[in-house]
Amino acid sequence: MMLKEGRSVDVVISSLGLHWLNDLPGAMTQCRVALKPDGLLLAAMLGGETLKELRIACTIAQLEREGGISPRISPLAQLKGLRLLADIIGA
């Protein structure tokens, strides 16, 4: 997100996109800077134990077929970490 001036946006909406970012704290900070003082960040993202069964199934299958594992699904943020991030950026 690139804005010409901060505090110029009423609302930022992200639907299942933030969990793909490599720099979630940076993106959240940019959202905070972009929002007007009474602005709204409305976001939905995968996190915590989401896709746990898929992760387990992929791990077992790869262990059985290849004798080792490599990550197949991006790491997901935990709720406690997201709360801390919100506090840090002042949301």
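Predicted, not measured: the structure shown is a model, and the values here were computed from it.

**Structural notes on the UniProt feature "domain: Methyltransferase type" (unreviewed entry) in the protein chain**
Phase 1 of the analysis: The sites that UniProt annotates as "domain: Methyltransferase type" (unreviewed entry) are residues 7–42.
Phase 2 of the analysis: End-to-end, the C-alpha atoms of residues 7–42 are 16 Å apart, and along that stretch the chain is 31% helix and 42% strand.

**Some thoughts on helix α2 (residues 52–66)**
Two residues of an α-helix separated by three or four positions point the same way, owing to the 3.6 residues in each turn.
Phase 1 of the analysis: Compared with the 21 Å implied by 1.5 Å per residue over 15 residues, the 21 Å span of α2 between its first and last C-alpha is a close match.
Phase 2 of the analysis: In the segment just after α2, glycine 67 is the residue with positive phi, at about 75 degrees.

**Side note on the packing of helix α1 (residues 24–34) against helix α3 (residues 79–89)**
Phase 1 of the analysis: One can describe the packing of α1 onto α3 by two numbers: an axis separation of 10 Å at closest approach and a directional angle of 45 degrees. Compared by their axis directions, α1 and α3 come out oblique. Viewed along their axes, α1 and α3 form a crossing whose handedness is right-handed. Residues Leu24, Pro25, Met28, Thr29 and Arg32 of α1 pack against Leu82, Leu85 and Ile89 of α3.
Phase 2 of the analysis: Classifying every residue of the contact of α1 with α3 gives six nonpolar, one polar and one charged.

**Re the pairing of strand β1 (residues 9–15)**
Along any regular strand, the residues point their side chains to alternate faces of the sheet.
Phase 1 of the analysis: As defined by bridge partners, β1 adjoins strand β2 (residues 35–44) across six bridges and the pair is classed as parallel. Following the sheet pairing, valine 9 is matched in β2 by leucine 35.
Phase 2 of the analysis: Tracing the backbone out of β1, into α1 and back to the parallel element β2 gives a crossover that is right-handed.

Rules of the game
- Residues numbered from 1 in each chain as written.
- Predicted model: local features only at pLDDT ≥ 70, side-chain atom pairs only at ≥ 80, totals over all residues.
- Heavy atoms only, no water.
- UniProt positions renumbered as here; feature names shortened; annotations may be inferred.
- Helix = DSSP H or I, 4+ residues; strand = E, 2+ residues; numbered from the N terminus.
- Expected span 1.5 Å × (residues − 1).
- Axes fitted to C-alpha atoms, helices over the stretch in contact; angles between N-to-C directions.
- Parallel < 35°, antiparallel > 145°, perpendicular 65-115°, else oblique.
- Left-handed = near helix turned anticlockwise from the far one by under 90°.
- Contact = heavy atoms within 4.5 Å.
- Nonpolar A, V, L, I, M, F, W, Y, C, P; charged D, E, K, R; others polar.
- Pairing = 2+ DSSP bridges.
- Right-handed = clockwise from strand over helix to strand, strands pointing away.

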